[in-house]
Amino acid sequence: MRLAVEQFRSWLALKGYGFVAIAPGVHDIAEHAQLVVTELHPHDGSCSLRYRLTESSSSGEWVTTVTVHRDGREDDWIWVDVNAPPSTPGPVASYERLVKDVDAADAWWTGVPHMVRVILSAADAHDGEMILSARPTLVTVADVDGLISAICDPGRRGTALVAAPIPDVSVSRMIDHVERLTRECVGIAGIYVLDTEAAAKLEESIAPSHSVPLGAVRTFLPEVDPASAVDARRHRVLLARTIAEQPPGKLAHLLGRANRRRALSLPLPSHVAQIDRLLSREEPAAVLRAIQETSPDPFARRPDDRAADLAPGGQAATTAVREVAIVGELLTSLVSEFQSGVSHADLPGGPDDMTVRFRELLAEGRGVLRGHREISRRLAALQDMLEDVEDDRDLIRARLEDEQLDHAETQAELLKAKLELDRLRGILSRAGRVDQTRAAAAAAQSPGSFAELLERLDERVLSCVIFTGDPKNALELDDFDPLGTWAAKSWDVLRVLDGYAAARRHGEFSKGVHAYLGHTPAGRPGYPPGAHSTQESEPVERSPKLRKLRVFPVPAGIHPDGAIFMDAHFKIARKGLVSPRIYYHDDTSQTGMIYVGYIGKHLPNAHTN
């Protein structure tokens, strides 16, 4: 927080505003610039500060907002937001000017603020496990495991840009080269440069579908799944040939626009959104208090005052409160004048006329107060509505992204299944054994709901799978799965576990479930390995509270407590916090059975708020 305050003050000085106080309140730091400072000190010992600088120019109104928070328990966080005005209409700009000045949304291009680069140079900044720095981070062979951990970190929000070396180019030159390409991504992406040995180790350690070709820059989005070839489509590669053929400035803006577009589409983390909403409600009240304390000239009007409907949401609220306060100050001044004038005998109209005018003034004052209360009430209602809309928007965006990935995975698996089906039909037709497959086909038929799925498990349609969990958790999923898509995928998973146990029982396979998924015996049901996890993350393993949530019932013969910790699980679908999971215990080496302890929503983990 101290660093942010210092650098914000230095940034203002760099812009030519000189020394300005940054205490809470409203500060006119120049004829065309206003600074609003809002501060929160809740009883929990935390502290939140927001600096909102509004600058008016011929191109429009620029609003820079810096929010910094400290709670003493977790790391401080800082959020810098720049709202640029639309580009001015006029003659068609050249392509070079468009690349330099105007972004894809037809707004003026915003360079990374100098303040951000300085803060990232001075602070140890991270996004989850990913390093955020003003310059690219060199990755040596000893750092590769840490890089993979950062790439696969479920708590990472921003993108990770990983550049592979160019043959015969020194490391220092490579870092300078990548720095030019990624200069517009500073602050919203982690930027890494591999040396030759690190590139070779990464190639060996990560799936080929997720590798980084020599001379290329790969953008890793969050929630990387190296085991899924379909997931690799999400992580775009800027190939060496493209980099060599295009001007660095153009590529820098292309990368900058892509990363900013994605950053703007992300919902704020819940703990950040909470502070943002508290500050958004506090700011109009702070502005009003500042105006009342400073008693501005009620007749003066700033030349850069604008209509509320032309300002951003936060500025509209501030402007409305300010206008009401100005009228209130005007009436207060007039009341003071009339009160002082009552004692003067030479006033025209006499005391009676003064009394009438004073009553009229009081009536007007009461009207202003009622208007003030009504505006405050409407502002609060609008803030509530805005927050609800933001929540709905974030939920819809998350669902869309999840559905798109699920759709791509389904398409890939469907094509694979169709090819296999055609092959098997040909074999069965030639062998004259079509009728013998009817029982297997009946078991493979998808249930229409989780209720139907549970009935099949009770009827022991799958001879090697026993469900020991709470049916309520599975039945809750039907509310989110009206078409039975999740139930069908869950049944496929259970059939795979049954097929695995049968293969172990008949001596067709001797290894674990994950190996079975990668090398499914002929004639046995299979499933994508990327949907399976053999264990939970390290934070879950270490947390007694989170481990307890994954302890599920088993027969006493399996464990004397009648319950066992199950960490192996299947990911059924991606849908926010619902994202259904299946947890199981593999006891094929003893009883030959699979015990499924949980079918339901995504269980809390270290990143769940």
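Computed from a predicted model, the values in this text were never measured in an experiment. (Residues numbered from 1 in each chain as written. Predicted model: local features only at pLDDT ≥ 70, side-chain atom pairs only at ≥ 80, totals over all residues. Heavy atoms only, no water.)

### A closer look at the sheet that holds strand β11 (residues 217-220)
- Strands sit in the order β8-β10-β9-β11-β12 across an open sheet of five strands; the sheet is mixed. Of all strands in the sheet, those with a lone pairing partner are β8 (137-139) and β12 (237-238), marking the two edges.
- Each of β8, β9 (159-163), β10 (189-194) and β11 is contacted by helix α4 (residues 144-152), which is oriented at about 150 degrees to β10, the strand it contacts most.
- The sheet strands contacting helix α5 (residues 171-181) are β8, β9 and β10, and the helix crosses β10 at an angle near 155 degrees. (Pairing = 2+ DSSP bridges. Helix = DSSP H or I, 4+ residues; strand = E, 2+ residues; numbered from the N terminus. Contact = heavy atoms within 4.5 Å. Axes fitted to C-alpha atoms, helices over the stretch in contact; angles between N-to-C directions.)

### Some points on the pattern of salt bridges
- Scanning all chains against the criterion turns up 15 salt bridges.
- Between R135 and E179 there is a salt bridge, with its nearest N and O atoms 3.0 Å apart. With R135 in the loop between β7 (130-132) and β8 and E179 in helix α5, the pair connects residues that are 44 residues apart, well separated along the chain.
- In this structure, R524 engages E508 in a salt bridge whose closest nitrogen and oxygen atoms are separated by 3.0 Å. In this pair, R524 is assigned in the loop between α16 (513-518) and β14 (532-533) and E508 in the loop between α15 (485-505) and α16, connecting sequence segments 16 residues apart.
- We classify R524 as partly exposed; its relative accessible area is 24%.
- Beyond isolated ion pairs, a larger network of salt bridges with shared partners links R135, D176 and E179. (Salt bridge = Lys/Arg side-chain N within 4 Å of Asp/Glu carboxyl O. Buried < 20%, exposed > 50% of the residue type's maximum accessible area, 1.4 Å probe, protein only.)

### With respect to the nonpolar core
- The biggest cluster of nonpolar side chains holds 41 residues, and the ones touching the most others in it are V162 and L194.
- Sequence-distant contacts of V162, defined by excluding residues within four places in its chain, comprise L147, I151, Y192, L194, V212, A216, V217, R218 and F220.
- Core analysis: the second largest hydrophobic core is formed by 36 residues, W486, Y527, A573 and Y584 among them. (Core = buried A, V, L, I, M, F, W, Y, C linked by side-chain atoms within 4.5 Å.)

### Re helix α6 (residues 196-205)
- All buried positions along α6 are accounted for by A198, A199 and L202. Take α6 and look down its axis: the buried residues cluster within an arc of 100 degrees, on one side only. Exposed residues on α6 whose side chains face more than 90 degrees from its buried face are T196 and E204.
- The inward-facing, buried residues of α6 abut β8, α4 and β10.
- Regarding α6, its N-cap is D195, as a side-chain oxygen of that residue lies 3.3 Å from the backbone nitrogen of E197 further along. (Arc of directions from axis to C-beta. Polar contact = N/O pair within 3.5 Å; in protein donor to acceptor, adjacent residues only side chain to side chain.)

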